[in-house]
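Structural description and commentary
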Amino acid sequence: MHDYIIMTDSSCDLPDTMVRELDLQVLPLAFTIDGQTYLNYPDNREMSPEELCRRQKAGSMATTNAVNVGQATESMECFLKEGKDILVLAFSSGLSTTCNSFQIAANDLAQQYPNQTVCVVDTLCASLGQGLIVYLAAQMKQAGKSLNEVQNWVEANKLNVCHWFTVNDLFFLKKGGRVSAATAVVGTMLQIKPILHVDDEGHLIKTATARGRRGSLDALMDRIGELATDPSQQVVFLSHTDSHDEAIQMASDIKARYGVKEVIVNHIGPVIGAHTGPGCIALFFMGKHR
């Protein structure tokens with residue numbers, strides 16, 4: 001049995017320290033703002049999420065690019081040349097063509113390296129939801145589980161990764177076609193905040209609304225009580241754009257209310273943040289269903 005690596009892409013929004021501790025390979029996605037393209041590395045070496053938010057608040061708009069087949073092939077082949085097998089846990093196919101690029105590259109490489117294994121899993125997850133399933137998979141690998149055991153577990157459990165989030169400003173979701181222009185205008189006037197989640201097809205959908213920011217954050221936390229499996233045994237992930245103080249307070253409230261083992265907080269990276277805008281808070285945990 002070959003040694004194997006776990007690879008993902010930077011839309012997983014995992015902290016750089018965790019990426020290194022778990023020995024993950026993270027392929028950076030690209031984003032473009034003010035006429036220049038940057039790569040979204042976990043250590044934010046080309047642009048920090050804070051800088052992206054600053055530019056968005058100043059009126060700049062960011063666009064994003066999926067991983068292409070060439071990039072996916074290059075990133076995987078160097079490990080195959082070292083004799084390692086690869087398990088790719090990719091960004092939701094419902095939100096990006098990145099997973100498809102990985103799958104095409106994997107099929108090509110499987111013919112060139114017939115004695116090695118290259119598996120691609122469409123996680124149907126995004127941001128720290130993707131990060132959460134990658135984190136749990138990496139822990140299984142460190143515990144000695146084989147590539148096939150980890151792959152099978154991810155396939156069996158990915159639809160139990162709950163993604164719940166809200167945004168402060170509906171403008172960015174309107175631009176991305178997630179809410180209508182009328183909803184954005186009326187919602188902004190009335191301080192109506194959307195409650196959104198990622199569904200079983202990996203798509204972003206609006207499920208409810210809340211009055212005011214506090215109401216929307218409370219609604220997210222309520223979902224843990226409604227959906228989470230054994231919260232006291234869980235590590236909950238929480239990501240945000242330019243909402244550090246609120247995120248830290250929310251993490252404290254979740255610990256007090258549900259007794260969870262730990263809440264890991266990180267900034268939403270520029271690729272996801274390009275679509276949510278500043279003021280997004282997102283909550284991720286394992287539940288009975290999405």
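Refer to the structure printed above.
Everything in this summary refers to the structure shown in the same document. Worth saying up front: this structure is predicted, and the values here are computed from it rather than measured. (Residues numbered from 1 in each chain as written. Predicted model: local features only at pLDDT ≥ 70, side-chain atom pairs only at ≥ 80, totals over all residues. Heavy atoms only, no water.)

1. Focus: the overall build of the protein
A count of helical and extended segments in the protein gives eleven helices and 13 strands. In summary, the protein has a C-alpha radius of gyration of 19 Å against a globular reference of 19 Å for 290 residues, a match within 12%. Seen through its principal axes, the protein has C-alpha atoms that stretch 60 × 45 × 30 Å. Partitioning the intrachain contacts of the protein with sequence separation of at least 6 by distance along the chain shows that 77% fall at a separation of at least 24. Summing over all exposed atoms, the protein offers an accessible surface of approximately 12100 Å²; the carbon and sulfur share of this is 48%. Here the protein contributes 24 positive and 32 negative side-chain charges, whose respective centroids are spaced 6 Å apart. (Helix = DSSP H or I, 4+ residues; strand = E, 2+ residues; numbered from the N terminus. Rg over C-alpha atoms; globule rule 2.2 N^0.38 Å. Contact = heavy atoms within 4.5 Å. Areas by Shrake-Rupley, 256 points an atom, 1.4 Å probe, with all protein chains shown as cover. Lys, Arg positive; Asp, Glu negative; His and termini not counted. Charge placed at Lys NZ, Arg CZ, Asp CG, Glu CD.)

2. Remarks on the sheet that holds strand β7 (residues 118-122)
One open sheet accounts for four strands, arranged β2-β1-β6-β7; its pairing is parallel. In this open sheet, the two edge strands, each paired with only one partner strand, are β2 (25-27) and β7. Averaged over all pairs of adjacent strands, the angle between their axes in this sheet comes to 20°, without regard to strand direction. Here three bridges tie strand β1 (residues 4-9) to β2, and the two strands are oriented parallel to one another. Looking at β2, one finds that Asp-9 is bridged to Leu-27. (Pairing = 2+ DSSP bridges. Axes fitted to C-alpha atoms, helices over the stretch in contact; angles between N-to-C directions.)

3. Observations regarding the nonpolar core
Most often, soluble globular proteins have nonpolar side chains that are buried together. Leu-14, Leu-24, Met-76, Ile-86, Phe-102 and Phe-237 are the most contacted members of the largest nonpolar core, which has 71 residues in total. When residues no more than four places from it in sequence are discounted, the contact partners of Leu-14 are Val-19, Leu-24, Pro-42, Leu-128, Gly-131, Val-134, Phe-237 and Asn-266. Judged by nonpolar contacts, the second largest core, of 23 residues, contains Leu-217, Ala-228, Ile-281 and Phe-285. (Core = buried A, V, L, I, M, F, W, Y, C linked by side-chain atoms within 4.5 Å. Buried < 20%, exposed > 50% of the residue type's maximum accessible area, 1.4 Å probe, protein only.)

4. A word on the side chain of Gln-130
Within the fold, Gln-130 resides in helix α5 (residues 127-142). Of the residues examined, Gln-130 reaches a relative accessible area of 0% and is grouped as buried.

5. Focus: unusual backbone geometry
Residue Asp-34 is not a glycine yet carries a positive backbone phi of 55°. Here Asp-34 shows up in the loop between β3 (29-33) and β4 (36-40). Its identity is not glycine, yet Ser-127 carries a phi of approximately 50°, on the positive side. By the element assignment, Ser-127 lies in helix α5. Judged by its relative accessible area of 5%, Ser-127 falls in the buried class.

6. Quick word on the sheet that holds strand β10 (residues 204-211)
The strand order across the open sheet built from six strands is β10-β9-β8-β13-β11-β12, with neighbouring strands paired in mixed fashion. The open sheet is flanked by β10 and β12 (262-267), the only strands paired with a single partner. Averaged over neighbouring strand pairs, the angle between their axes works out to 20° when direction is ignored. Note that strand β8 (residues 161-166) and strand β9 (residues 192-198) share two bridges and pair antiparallel. Its bridge partner being in β9, Trp-164 is matched across the sheet by His-197. Taken strand by strand, α5 contacts β8, β11 (235-240), β12 and β13 (281-286), and its axis lies near 150° from that of β11.

7. As for the packing of helix α9 (residues 212-227) against helix α10 (residues 244-258)
A packed helix pair is summarised by two numbers, namely the angle formed by the two axes and the spacing between the axes. Running from N to C, α9 and α10 cross one another at 40°; their axes reach a closest spacing of 11 Å. Taken as axis vectors, α9 and α10 run oblique relative to one another. α10 is crossed by α9, and the crossing has right-handed handedness. On α10, the residues that touch Arg-213, Arg-214, Leu-217, Asp-218, Leu-220, Met-221, Asp-222, Ile-224 and Gly-225 of α9 are Glu-246, Met-250, Asp-253, Ile-254, Arg-257 and Tyr-258. Of the residues belonging to the contact of α9 with α10, the class tally is seven nonpolar, one polar and seven charged. (Parallel < 35°, antiparallel > 145°, perpendicular 65-115°, else oblique. Left-handed = near helix turned anticlockwise from the far one by under 90°. Nonpolar A, V, L, I, M, F, W, Y, C, P; charged D, E, K, R; others polar.)

8. Some words on the pairing of β10
Pairing geometry for β9 and β10, over seven bridges, is antiparallel. Along β10, the bridge assignment pairs His-197 with Ile-205. Counting the residues between successive antiparallel strands, the hairpin from β9 to β10 contains five residues, one of them, Gly-202, with a positive phi of roughly 80°.

This is a description of form; function is not addressed.
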